[in-house]
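Geometric and topological summary
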Protein chains: 2
Amino acid sequence: MFSVDIYKQRRNALKKAVGKGIILFFGNEEVGMNYKDNTYHFRQDSSFLYFFGLDKPNLAAVINIDEDLEILLGNEPTIDDIVWMGTQPSVTEIAAQTGIFKVTGLRELGVLVKKSVASRQEIHYLPPYRSETIIKLSEILSVPFDQVKGGASATLIKGVVAQRSYKSDLEIAEINKAVNISNEMHLAAMRHSAEGVTEKYVAGIVEGLALSAGGNIAYPVIYTVNGQTLHNHPTNNKLKKGQLVLCDSGAETPTHYAGDLTRTFPVNQKFSQLQKQVYQIVLQAEEAAANSLKPGIRFLDVHLIACEKLVEGLKDLGLMKGDVKEAVSRGAHTLFFQCGLGHMMGLDVHDMEDLGEQYVGYSEGMIKSKEFGLKSLRLGRELESGFVLTVEPGLYFIPELMDMWQAEGKLKDFINYDKLSAFRDFGGARVEENFLITDNGYQLLGEPLIKSVVDIEGLSRF
Amino acid sequence: MFSVDIYKQRRNALKKAVGKGIILFFGNEEVGMNYKDNTYHFRQDSSFLYFFGLDKPNLAAVINIDEDLEILLGNEPTIDDIVWMGTQPSVTEIAAQTGIFKVTGLRELGVLVKKSVASRQEIHYLPPYRSETIIKLSEILSVPFDQVKGGASATLIKGVVAQRSYKSDLEIAEINKAVNISNEMHLAAMRHSAEGVTEKYVAGIVEGLALSAGGNIAYPVIYTVNGQTLHNHPTNNKLKKGQLVLCDSGAETPTHYAGDLTRTFPVNQKFSQLQKQVYQIVLQAEEAAANSLKPGIRFLDVHLIACEKLVEGLKDLGLMKGDVKEAVSRGAHTLFFQCGLGHMMGLDVHDMEDLGEQYVGYSEGMIKSKEFGLKSLRLGRELESGFVLTVEPGLYFIPELMDMWQAEGKLKDFINYDKLSAFRDFGGARVEENFLITDNGYQLLGEPLIKSVVDIEGLSRF
């Protein structure tokens, strides 16, 4: 964790932003995989990490703004805990690490909240995403499970987003570390991609490197010859010569900051002519988008710049036709690029996604579109210095979607449907890098990782 | 999954065992790590796997015994699902894989249960361990969430345990695969244990190998120089020459059968004289316990055989004194061996732990002890042919516990408290292997993995 003053400052700023009432923060619990005590790796809630820095399960915190009081809630370790889990600090010791000097047991949460209800204080909490938190809120507030999420505080969400959106130098240093570990994961992925090994074999090496670096994966490793499937799990299918692999993976540091990179490369290193053409269209779109990053530009417009570059390339390839800008404004490119260009990144790989995309990626004057394509653009708002984000255009050839559009004759002035058949088995390609928005423009995060055809084909294997 | 007939047979046997009423089975859902869509790897519920073989999230099943009707509940994939996750089978196709021909949406579960309630059918379900399942049961049955677990059906639990306790040849073949992958994980752990690397570095390699083999870890990797802490997470501390490492890790196959092995070995391969002495006591206890395995013996008695061997060794070492059998019957050994000798293993590494240890590890005439030491013995019952279990004695030098006992002068006729100080920093040692109970005795599962001092010290590094 960072120094205690940082967490105190963050909480003070939050109290000022929220104004009055009490704020409830829930740390995460452990989750059993196939029975209670066989747990997944523990992942603390990111806002809990941001405001308290405490990376342990079974904690909660109450900030009573009206009384200027901070309380950490947790249960004291027993001798059984020490036998099974080693020496454990007391809740008082844990609280002191984050500058809190009042502690109580977890059961007291209900009592504290009842007092606030009785004295008509506003009760603020963030939207819960873990069922354990939903159960606790349902019990404490006496509301049905399905009404808990709707009761989350917009004021609190905005206060949290107003801080977490701007990354400090310390946070940027952590993100740089995360990206550099991610670089090593991708170099290993390229080097181990050979005929006859399985997707899971390589994905296991990639995930192992994230763990060996002391943290974890920031999200499930995507390593697939079916790059057209946007969220995919590696399979036990063997790689074949000539296949194109899409690897989207990133590390999380021990302090839980994320990196998020994608590379697309051929099994056995040699691109076919068509793979090279498609890949280079994507790469040019990525570079054009990156080069336009600066404070003041809307990320929606950066997205559209990338879309235009993709359409230009697809026209050269013979798959699209007509006016580029019109094609994009009509959404014709979404047959091949169905999703958004990128997202905020920080303590979460999709930073603050639990708080709601409208609050994080858009603004009061800018509502997220519901159109196919744009509805998947997680970030649209005007960029500001201190934002950290990803740029990740791609081209995805999804047979089911191509068939659906072709049957409807959808946007046929822009799409050469007769040329699609050659691409049914192509798969997909994506390139992704992470950037900091600076006062004057942008900065690539992490050391540059190879991305040109020449560099990928020339990478020394071991 | 296995052939469809196997699942049909298992369900038919279960219907016969339960007799009447309806049985509700809940598959697991995905769980978000730090927001809803950033999920941990999916792990299906083991009983759902056993009776249906379907390894996908968001499924449920109803078996109406009285009407001899089986229904699979799931929601149909949308075009968005196909774009994001690739071609998806319909619920009807999924159900057919397990021989079920009636399907409906998940929302119908409440309706089905209400009908059963109205017609006064008994409703059977297994004890839930995931909060999502608790919420669903609380809603469907209209009971407070903290009363859901208490409503689980003992009849159903017994029916499930009566089948899952006896492993078929197909299951044993899977467990052999799991153990053999686990062997590779342990060899890598030994080879990479060197001065200057971190515990997490090696643990990452170990976990990566489980993933690369196509499945996953069966439980969180324990790789620690603090072997006295029974459940421990690897740290970013660097290994030092002379330290003793305890590695407890096992793979889960793609079909979700577990392996579970422990080895204890020195950083840089060379045991000290004291490490060698302690390790060999543990090894002798493990071998004595294994050699006594056979149908008809209570595992509690196998546990006590191991305890006696440990006490004999500790007497030779000067840490204990007095009559061996009396020392064990008084629990004096629990200062150094605080836990149980082993547990059932199968689809869960602690097989069926979610169903309750009394049902799985004990019997109607044999109640689990509440004494320190024996209360942690997960398996006590008479062994039968077809059981798969672990044997894992250890010696753990826990300073807090030694201080506590010494201050009380506890069982001082058996413990040489003046000799303990030399062991405060020792750590702990454990050896664990997996066995099948056969008609005549036992069989080691997997290929033998090195465990003697000579073999560990002589292991070629790369």
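What counts as what
Residues numbered from 1 in each chain as written. Chains lettered and ligands numbered in written order. Predicted model: local features only at pLDDT ≥ 70, side-chain atom pairs only at ≥ 80, totals over all residues. Heavy atoms only, no water. UniProt positions renumbered as here; feature names shortened; annotations may be inferred. Helix = DSSP H or I, 4+ residues; strand = E, 2+ residues; numbered from the N terminus. Contact = heavy atoms within 4.5 Å. Buried area = accessible area lost by both parts, 1.4 Å probe. Salt bridge = Lys/Arg side-chain N within 4 Å of Asp/Glu carboxyl O. Polar contact = N/O pair within 3.5 Å; in protein donor to acceptor, adjacent residues only side chain to side chain. Least-squares fit on C-alpha atoms with pLDDT ≥ 70 in both. Buried < 20%, exposed > 50% of the residue type's maximum accessible area, 1.4 Å probe, protein only. Pairing = 2+ DSSP bridges. Arc of directions from axis to C-beta. Axes fitted to C-alpha atoms, helices over the stretch in contact; angles between N-to-C directions. Parallel < 35°, antiparallel > 145°, perpendicular 65-115°, else oblique. Left-handed = near helix turned anticlockwise from the far one by under 90°. Nonpolar A, V, L, I, M, F, W, Y, C, P; charged D, E, K, R; others polar. Domains from an automatic or database assignment.

Per an unreviewed UniProt entry, chain A is named Xaa-Pro aminopeptidase, and its organism is Dyadobacter koreensis. If you open the UniProt record of chain A and go to Cofactor (unreviewed entry), you find "Mn(2+)". The record held by UniProt for chain A lists under Catalytic activity (unreviewed entry) the comment "Release of any N-terminal amino acid, including proline, that is linked to proline, even from a dipeptide or tripeptide."

1. Side note on the UniProt feature "domain: Aminopeptidase P N-terminal" (unreviewed entry) in chain A
Residues annotated by UniProt as "domain: Aminopeptidase P N-terminal" (unreviewed entry) correspond here to residues 2–134 of chain A. The span residues 2–134 of chain A is 38% helical and 15% strand by assignment, and the distance between its end C-alpha atoms comes to 29 Å.

2. Examining the interface of chain B and chain A
At the interface, 67 residues of chain B touch 66 residues of chain A. Both sides of the chain B and chain A interface together cover about 5500 Å² of buried area, and 59% of this is carbon and sulfur. It is Tyr35, Tyr40 and Trp84 of chain B in chain B that bury the most area against chain A; as a group they hold 14% of the surface buried on that side. Here chain B and chain A share two salt bridges between them. With a shortest N-O distance of 3.1 Å, Lys375 of chain B and Asp80 of chain A are connected by a salt bridge. Joining chain B to chain A, the criterion identifies 32 residue pairs in polar contact (both at pLDDT 80 or more). Counting residues per element, the ones that place at least two in the side of chain B that touches chain A are helix H3 (79–85), helix H6 (131–141), helix H9 (199–212) and helix H14 (399–408) of chain B. The element that contributes the greatest number of residues to the side of chain B that touches chain A is H9 of chain B, accounting for eight residues.

3. Concerning the relation of the copies chain B and chain A
In the superposition of chain B on chain A (RMSD 0.0 Å, axial shift 0.0 Å), the rotation amounts to 180 degrees. Here the two chains are linked by the operation of a two-fold rotation axis. In terms of C-alpha distance to the rotation axis, chain B has Gly208 of chain B as its closest residue, with the C-alpha 2.0 Å off the axis. Both copies present the same face, since 99% of the interface residues in chain B are matched by interface residues at the equivalent positions in chain A.

4. With respect to the pairing of strand E1 (residues 22–26) of chain B
All names here are of chain B. Of all five residues that make up E1, five are buried, and the element is covered over most of its length. Here E1 shows no split at all, with Ile22, Leu24 and Phe26 on one side and Ile23 and Phe25 on the other all buried. Of the pairings in the sheet, the one linking E1 to strand E2 (residues 60–64) comprises five bridges and is antiparallel in character. From the neighbouring strand, Ile23 faces E2, where its bridge partner is Ile63. Pairing geometry for E1 and strand E5 (residues 123–125), over three bridges, is parallel. By the bridge assignment, Leu24 is partnered in E5 with Tyr125.

5. Observations regarding unusual backbone geometry
All names here are of chain A. Unlike most non-glycine residues, Asp68 shows phi in positive territory, near 50 degrees. Relative to the helices and strands, Asp68 is located in the loop between strand E2 (60–64) and strand E3 (69–73). In this structure Asp68 comes out as exposed when scored by relative accessible area, which is 58%. Of note, His256 is a non-glycine position whose phi angle comes to about 80 degrees, a positive value. Looking at where His256 falls in the secondary structure, it is placed in the loop between strand E9 (251–252) and strand E10 (261–266).

6. What about the pattern of salt bridges?
On inspection of all chains with the given rule, the structure shows 58 salt bridges over all chains. Here Arg298 of chain B makes a salt bridge to Asp301 of chain B, at a shortest N to O gap of 3.1 Å. Put simply, Arg263, Glu286, Glu287, Glu433 and Lys451 of chain A are held in one network by salt bridges that share partners.

7. Comments concerning helix H5 (residues 108–118) of chain B
The α-helix winds at 3.6 residues per turn, so residues separated by three or four positions along the chain end up facing the same way. Residues and elements named next belong to chain B. Those residues of H5 not exposed but buried are Leu109, Gly110, Leu112, Val113 and Ser116. Taken end-on, H5 shows its buried residues confined to a sector of 165 degrees, consistent with a single buried face. Turned more than 90 degrees from where H5 packs its buried face, Lys114, Lys115 and Ala118 sit exposed. Looking at the buried side of H5, the elements it contacts are E1, E2, strand E3 (69–73), E5 and H6. Following H5 by one or two positions, Arg120 adopts a phi angle in the positive range, close to 55 degrees.

8. Quick look at the packing of helix H11 (residues 273–291) of chain A against helix H12 (residues 299–316) of chain A
Two quantities define a packed helix pair, namely the angle between the axes and the distance from one axis to the other. Residues and elements named next belong to chain A. At their nearest, the axes of H11 and H12 sit 8 Å apart, and the two run at 150 degrees to each other. On the basis of the axis angle, H11 is roughly antiparallel to H12. The two elements H11 and H12 meet at a crossing, and its hand is right-handed. Facing H11, whose interface residues are Ile281, Val282, Gln284, Ala285, Ala288 and Ala289, H12 presents Val302, Ile305, Ala306, Lys309, Leu310, Gly313 and Leu314. Here the contact of H11 with H12 is composed, by residue class, of ten nonpolar, two polar and one charged.

9. Side note on the environment of Leu261 of chain B
All names here are of chain B. If you trace the backbone, Leu261 turns up in strand E10 (residues 261–266). Its relative accessible area of 3% is what places Leu261 among the buried residues. A C-alpha to C-alpha distance of 7.7 Å links Leu261 and Val179, two positions 82 residues apart in sequence. Excluding residues within four positions of it along the chain, Leu261 makes contact with Val179, Ser182, Asn183, His186, Tyr219, Cys247, Asp248, Ser249, Glu432, Glu433, Asn434 and Leu449.

10. Here we look at the sheet that holds E2 of chain B
Residue and element names in this part refer to chain B. Here five strands make up an open sheet; going across it, the order is E4-E3-E2-E1-E5 and the pairing mixed. Sheet topology places strand E4 (103–104) and E5 at the edges, where each strand pairs with a single neighbour. Sheet topology note: the E3/E4 ladder contains two bridges and is parallel. Considered in E4, the bridge of Leu72 is made with Val103. This element, H6, spans E1 and E5 of the sheet and lies at about 145 degrees to E1.

11. Overview of the domain arrangement of chain A
Residues and elements named next belong to chain A. Split into domains, chain A comes out as domain 1 (4–164) and domain 2 (169–458). Averaged C-alpha coordinates put domain 1 and domain 2 at centres separated by 35 Å. Taken together, the contact pairs 18 residues of domain 1 with 16 residues of domain 2. Here domain 1 meets domain 2 over a buried area of about 1500 Å², counting both sides, of which 58% is carbon and sulfur. Contact with domain 2 buries surface across domain 1, with Arg43, Val161 and Arg164 losing the most and accounting together for 35% of the total.

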